[in-house]
Amino acid sequence: MRFSAVRIRAARRRVAGIVLAVLCAGGCAGAPQPKLPTSEQARSDLIKAAQQVLVDRCLTARGAAGPPPRQDVLFGSAPAELSVTLATGYTVRTHTDGCLAEAHRFLYGDQARWFRAQVTVNNLRAEAQARLKDDPGYRAALARAAACKDRDARCIKASGLAEVRGRLEPARLAEVRTAHRGDIANYDQLRDRALHRAAPLLAAHPTPHQKEHDLS
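Position numbers for residues start from 1 in each chain and track the written sequence from start to end. A pLDDT threshold of at least 70 governs which residues receive local features in this predicted model, and a stricter bar of 80 or more applies before side-chain atom pairs are shown or counted, although totals over entire chains, interfaces and linings include all residues. Water and hydrogen atoms play no part in the side-chain values, which are based on all heavy atoms of the structure.

Draft legend 1. View of the environment of Thr-85. For the purposes of this entry, the term helix denotes a DSSP run of H or I that reaches at least four residues, the term strand denotes a run of E that reaches at least two, and both are numbered from the N terminus. Tracing the chain through its elements places Thr-85 in strand β1 (residues 82-85). Look past the residues within four positions of Thr-85 in its chain and what remains in contact with it is Tyr-90 and Thr-91. In protein, a polar contact means a hydrogen-donor-capable atom and an acceptor-capable atom, both N or O and within 3.5 Å, with residues adjacent in sequence counting only if both atoms are side-chain atoms; elsewhere, any N or O pair within 3.5 Å suffices. At 2.9 Å, the side chain of Thr-85 and the side chain of Thr-91 are in polar contact. In this description, contact between two residues means that some pair of their heavy atoms is separated by no more than 4.5 Å.

Rendered as structure tokens:
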């Protein structure tokens, strides 16, 4: 079943109203901000937990909570509107009409900007590894490893592929990070925004995970 654009917009307004009510529970003006976690893992956990709260509320508002939740409502049912083609040649696509997209818009503010930054940053190492093939020494080692019968571990080790990769990859990764410094800056900025929006949301609506762990 497809949702009309009018119904989708109405559902988005309902979810936005619910979320704002949660964020402002107890009053918005002058309210102290919850402490933010210090470790990267705890920060990621905080954003994921807030995303789940938002997704659950969106699914409920659209009458698709399940179990199991309706996948077309969770991920979107229209043709994927956003796409990023990586330097490796792969294209990654996503929808803008699902509950996951709704949560991303609330947390990151700009879904398209976040999608591009996230996909690019998550594939920096893959791009660096693709650049290794420009080096003749790496190509030679790769050919020697590929010639090993039955993927023999001793033969692959003797090919020197691991040593060549270990020597070249850090420099290639540094090149890639420099080339994508704008994407990395966007990623850091939007993730910081999501963190600051997730913390008060979960302070007002703690999950079992948040109750069991001190995020500070």
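There is more to say after this.
Draft legend 2. A look at the state of the cysteines. Note on terminology: pairs of cysteine sulfur atoms within 2.5 Å are recorded as disulfides. The tally for this structure, following the rule as stated, stands at two disulfides. Each sulfur of the disulfide joining Cys-148 and Cys-155 lies 2.0 Å from the other. Here the disulfide of Cys-148 and Cys-155 is left-handed, its torsion about the S-S bond being about -80 degrees.

Draft legend 3. Structural detail: the pairing of strand β2 (residues 91-94). Two strands qualify as a pair provided that DSSP identifies no fewer than 2 bridges between them. With four bridges joining them, β1 and β2 adopt antiparallel strand pairing. Paired with Leu-82 across the two strands is Thr-94, which belongs to β2. Connecting β1 to the next strand, β2, in antiparallel fashion are five residues, including Gly-89 with a positive phi near 100 degrees.

Draft legend 4. Here's a closer look at the pattern of salt bridges. Salt bridges, as used here, are contacts in which a Lys or Arg side-chain nitrogen is within 4 Å of a carboxyl oxygen on Asp or Glu. Per the counting criterion, the structure on display carries eight salt bridges. Salt-bridge contacts for Arg-105 lead to Glu-102; the nearest nitrogen and oxygen are separated by 3.7 Å. Placement of the pair is Arg-105 and Glu-102 together in helix α4 (residues 99-108), with a separation of three residues, close to one helical turn. Only protein chains enter the area calculation, which uses a 1.4 Å probe; residues under 20% of their type maximum are buried, those over 50% are exposed, and those in between are partly exposed. According to the relative accessible area criterion, Arg-105 is partly exposed, its value standing at 22%. With a closest N to O distance of 3.4 Å, Glu-127 and Arg-131 form a salt bridge. On the criterion of helical spacing, the pair formed by Glu-127 and Arg-131 is a turn pair, its members being four residues apart in helix α6 (residues 124-131). Residue Glu-127 is classed as buried on the basis of its relative accessible area, which comes to 9%. Salt bridges linked by common partners bring Glu-127, Arg-131, Arg-172 and Glu-175 together as one network.

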